[in-house]
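# Structural features, examined
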Amino acid sequence: MIKAIQDSYLSREDVEDDSVAFLLFNVKGKDLMGIHLPNDFAEPGRTPEQVAKEKTETLALYTGMGLTQEPFQQVKYFMPNGADGKKAQYTHLLAEEFQAYVDEGRAAQFTFTYREDKEDLDLFFANVDDTNQTIDAIQEYIIAGQGGFNLVNNWKGFHDCVGKHCDPKESPDTKKEIPVVSWRKFRRIITQHIKGSPLFQSDENKLNPDKIG
């Protein structure tokens, strides 16, 4: 279906002021990590004759439906930023495959930055019971730049500032409108997601991957 839409769109001549894009999520092995490559139809345990037969039959179906036999065009892959030395660790690609994609301008790694993604912190708490809405209050407090969060510009600084609010003696929240126990719950959940994760690195990280959010 998607291939048919792309073929139809690319064959049109009246698309100068129009555009279309498909966003696919690869969640199983390398299944969607080579959609720009021709299908060789090869699979373990199959004879060359079986491969050739299926290829001929499949391409005939494409032709019969008015589709091209070309793979997807104008493909770009966004891959999670990996730890140093393991740039392709979340992709199931071999290191040389990953590097080839990058060299071709076909792939980039992505990361989340504090300055551009702090307003999406609520995604961490989608499945968290917040009956008293204190987690919501904390997020609004952070986005408003209260308690020193206006001076924070990366995830480490953010985590440190949250930590200060967990200490009743050190907390910048002088009004104490949000209980310390709520701040500690907030820190525990945040830590599970960002601590040590290459996706939540400092904004100035040397790999300089793409930002996505």
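A brief report on the enclosed structure follows. (Residues numbered from 1 in each chain as written. Predicted model: local features only at pLDDT ≥ 70, side-chain atom pairs only at ≥ 80, totals over all residues. Heavy atoms only, no water.)

## Some words on unusual backbone geometry
Glycine aside, the phi torsion of most residues is negative, and most peptide linkages are trans. In this structure, Phe 41 takes a positive phi of about 65° despite not being glycine. Phi at Lys 176 takes a positive value of approximately 55°, unusual for a residue other than glycine. When you line up the elements, Lys 176 lands in the loop between helix H6 (155-165) and helix H7 (180-194). (Helix = DSSP H or I, 4+ residues; strand = E, 2+ residues; numbered from the N terminus.)

## With respect to a nonpolar patch on the surface
Where nonpolar side chains cluster on the molecular surface, the patch consists of Met 1, Ile 5, Val 20, Phe 22, Leu 24 and Leu 32 and spans about 540 Å² of accessible area. As for its placement among the helices and strands, Ile 5 is situated in helix H1 (residues 2-10). (Patch = residues over 30% accessible without salt bridge, like charges linked within 9 Å, V, L, I, M, F, W, Y side chains within 5 Å. Areas by Shrake-Rupley, 256 points an atom, 1.4 Å probe, with all protein chains shown as cover. Salt bridge = Lys/Arg side-chain N within 4 Å of Asp/Glu carboxyl O.)

## What to know about the packing of H6 against H7
Where H6 meets H7, the closest approach of the two axes is 8 Å, and the angle between their N-to-C directions is 155°. When the axes of H6 and H7 are compared, the pair comes out roughly antiparallel. Note that H6 runs across H7; the crossing there is left-handed. The segment H6 lies against H7, with Trp 155, Phe 158, His 159, Val 162, Gly 163 and His 165 engaging Val 180, Trp 183, Phe 186, Arg 187, Ile 190, Thr 191 and Ile 194. Here the residues of the contact of H6 with H7 sort into eight nonpolar, four polar and one charged. (Axes fitted to C-alpha atoms, helices over the stretch in contact; angles between N-to-C directions. Parallel < 35°, antiparallel > 145°, perpendicular 65-115°, else oblique. Left-handed = near helix turned anticlockwise from the far one by under 90°. Contact = heavy atoms within 4.5 Å. Nonpolar A, V, L, I, M, F, W, Y, C, P; charged D, E, K, R; others polar.)

## A short note on the nonpolar core
Residues Leu 121, Ile 142, Phe 149, Phe 158, Trp 183, Phe 186 and Ile 190 are the most contacted members of the largest nonpolar core, which totals 24 residues. Elements with a minimum of two residues in this core: helix H5 (134-143), H6 and H7. Ignoring any residue separated from it by four or fewer positions in sequence, one finds Ile 190 in contact with Leu 121, Phe 124, Phe 125, Phe 158 and Lys 195. Of all hydrophobic cores here, the second largest spans nine residues; its members include Met 33, Ile 35, Tyr 77 and Met 79. (Core = buried A, V, L, I, M, F, W, Y, C linked by side-chain atoms within 4.5 Å. Buried < 20%, exposed > 50% of the residue type's maximum accessible area, 1.4 Å probe, protein only.)

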